[in-house]
Amino acid sequence: MVAAAADNAAREGLSVEVMIGDAGDPDLPTGSFDIVTASLVLFFLPKPVAAPSAWGELLVDGGRIGVSTFGAYDAAWEPVDAIFEPYLPPDLRDARITGKQGPFGSDEGVERLLVDAGFADVRTASGPVPVWFDGADHWHRWTKSTGQRRMGEMVPEAERAAVQASAGRLLDDTRRQNPDHRIGFDQDVRYTVGRRRNR
Ligand SMILES: C[S@@+](CC[C@H](N)C(=O)[O-])C[C@H]1O[C@@H](n2cnc3c(N)ncnc32)[C@H](O)[C@@H]1O
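Everything numeric here is computed off the predicted structure, so don't read it as measured data.

### A short note on the overall build of the protein
- Tallying secondary structure elements over the protein gives eight helices and four strands in all.
- Helices (α) and strands (β) of the protein occur, in sequence order from the N terminus, as α-β-α-β-α-α-α-β-α-α-α-β.
- Viewed in the frame of its principal axes, the protein has a C-alpha envelope of about 55 × 35 × 30 Å.
- Pairs at least 24 residues apart make up 80% of the contacts formed inside the protein by residues separated by at least 6 positions.
- Accessible surface computed for the protein: about 11900 Å², of which carbon and sulfur atoms make up 53%.
- In the protein, 22 side chains carry a positive charge and 30 a negative one; their mean positions are 1 Å apart.

Okay, here's the thing in structure tokens:
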């Protein structure tokens with residue numbers, strides 16, 4: 001991912017430095033960035049208030065934060081989304097659960113996290129991201145291109161064919177339930193922004 005991001009930036013002629021680190025404990029200079037952003041990461045971190053607090057320390061006064069988190073998605077997709085669940089270790093299972101409950105279950109919950117982390121002018125915009133597939137193979141390739149790859153890898157080799165077959169059946173079910181008979185879902189994504197208070 002890091003190599004692909006660096007390649008993309010170079011291709012676009014952008015001057016960026018790409019680094020690997022723990023988003024929950026960033027090893028970067030304080031008071032030196034205008035913007036900090038995290039796309040669909042915050043709910044994975046074990047201390048969801050401590051992380052944006054630490055990110056706020058990296059910002060200049062008045063610097064801005066923007067984080068995206070998952071909102072609601074079509075109920076018909078839930079059985080597909082649950083396919084890997086029996087195989088998940090607690091950290092991955094918790095990340096899924098926290099998307100629906102607690103601070104990540106509502107706009108207000110995420111806004112409160114940023115307010116508690118010391119941000120002002122906190123507000124939310126959201127919108128649907130269409131996630132639609134040509135068929136089961138397309139869905140399978142997609143799972144391997146997202147964080148779901150790690151979830152798929154948790155399934156023991158010997159069970160993968162059976163899980164894949166059961167996924168095919170569940171995907172067909174969603175096709176029957178979707179009004180246009182397509183496979184997939186619309187995922188609401190919440191974008192929460194704020195501004196660092198002056199020191
Ligand atoms: C749902 S994916 C989002 C990927 C990408 N940001 C995007 O929006 O397409 C979540 C990402 O969070 C990363 N992640 C989880 N915990 C992290 C941590 N403590 N530090 C840095 N990244 C983390 C995972 O490796 C994964 O790439």
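### Looking at the site of the ligand
- The environment of the ligand is formed by Met1, Gly21, Asp22, Ala23, Ser39, Leu40, Val41, Phe44 and Leu45.
- Ala23 has a polar backbone atom sitting 2.8 Å from a nitrogen atom of the ligand.
- Note that an oxygen atom of the ligand is positioned 2.3 Å from one of the side-chain N or O atoms of Ser39.
- Within the complex, the protein chains bury 56% of what would otherwise be the 600 Å² of accessible surface of the ligand.
- Its residues assigned to classes, the shell around the ligand shows six nonpolar, two polar and one charged.

### Re the side chain of Thr174
- Its place among the elements puts Thr174 in helix H8 (residues 157-177).
- If we ignore the near neighbours within four places in the chain, the residues touching Thr174 are Ala76, Trp77, Val80, Arg182, Ile183 and Gly184.

### Some remarks on the sheet that holds strand E3 (residues 119-133)
- One open sheet holds the four strands; their spatial order is E1-E2-E4-E3, and the pairing between them is mixed. The sheet terminates laterally at strand E1 (33-39) and E3, the two strands that pair on one side only. Each neighbouring strand pair of the sheet contributes to a mean axis angle of 15°, computed without reference to strand direction.
- Across the sheet, helix H6 (residues 136-144) lies against E3 and strand E4 (183-196), angled at about 145° from E3, the strand it touches most.

### A word on the pairing of E1
- For E1 and strand E2 (residues 59-73), the ladder comprises six bridges, and the chain directions are parallel. Following the sheet pairing, Phe33 is matched in E2 by Leu59.

### Quick notes on the packing of aromatic side chains
- The full count for this structure, using the stated rule, is nine aromatic pairs.
- In textbook terms, an aromatic cluster arises when at least three aromatic residues are bridged by ring pairs, as seen for Tyr73, Trp77, Phe133, Trp142 and Phe185.

### Here's the deal with helix H5 (residues 107-116)
- When H5 is considered as a whole, its buried residues turn out to be Gly109, Val110, Leu113 and Leu114. The buried residues of H5 occupy one face: seen down the axis, they fall within an arc of 140°. Opposite the buried face of H5, by more than 90 degrees, sit the exposed residues Arg112 and Asp116.
- Residues of H5 that are buried make contact with helix H2 (50-58), E2, E3 and E4.
- Phi turns positive one or two residues past the end of H5, at Gly118, with a value near 100°.

### Considering the packing of H6 against H8
- Relative to each other, H6 and H8 sit at 115°, their axes nearing to 10 Å. Crossing handedness for the pair H6 and H8: right-handed. Across the interface between the two elements, Ala136, Trp139 and His140 of H6 pack against Gln164, Ala167 and Leu171 of H8.
- In terms of residue class, the contact of H6 with H8 is made up of four nonpolar, two polar and no charged.

Conventions and cut-offs
Residues numbered from 1 in each chain as written. Predicted model: local features only at pLDDT ≥ 70, side-chain atom pairs only at ≥ 80, totals over all residues. Heavy atoms only, no water. Helix = DSSP H or I, 4+ residues; strand = E, 2+ residues; numbered from the N terminus. Contact = heavy atoms within 4.5 Å. Areas by Shrake-Rupley, 256 points an atom, 1.4 Å probe, with all protein chains shown as cover. Lys, Arg positive; Asp, Glu negative; His and termini not counted. Charge placed at Lys NZ, Arg CZ, Asp CG, Glu CD. Near = heavy atom within 4 Å. Polar contact = N/O pair within 3.5 Å; in protein donor to acceptor, adjacent residues only side chain to side chain. Nonpolar A, V, L, I, M, F, W, Y, C, P; charged D, E, K, R; others polar. Pairing = 2+ DSSP bridges. Axes fitted to C-alpha atoms, helices over the stretch in contact; angles between N-to-C directions. Phe/Tyr/Trp six-rings, centres within 6.5 Å; stacked < 30°, edge-to-face > 60°. Buried < 20%, exposed > 50% of the residue type's maximum accessible area, 1.4 Å probe, protein only. Arc of directions from axis to C-beta. Left-handed = near helix turned anticlockwise from the far one by under 90°.

Limitation: the analysis is restricted to geometry and does not speak to function.
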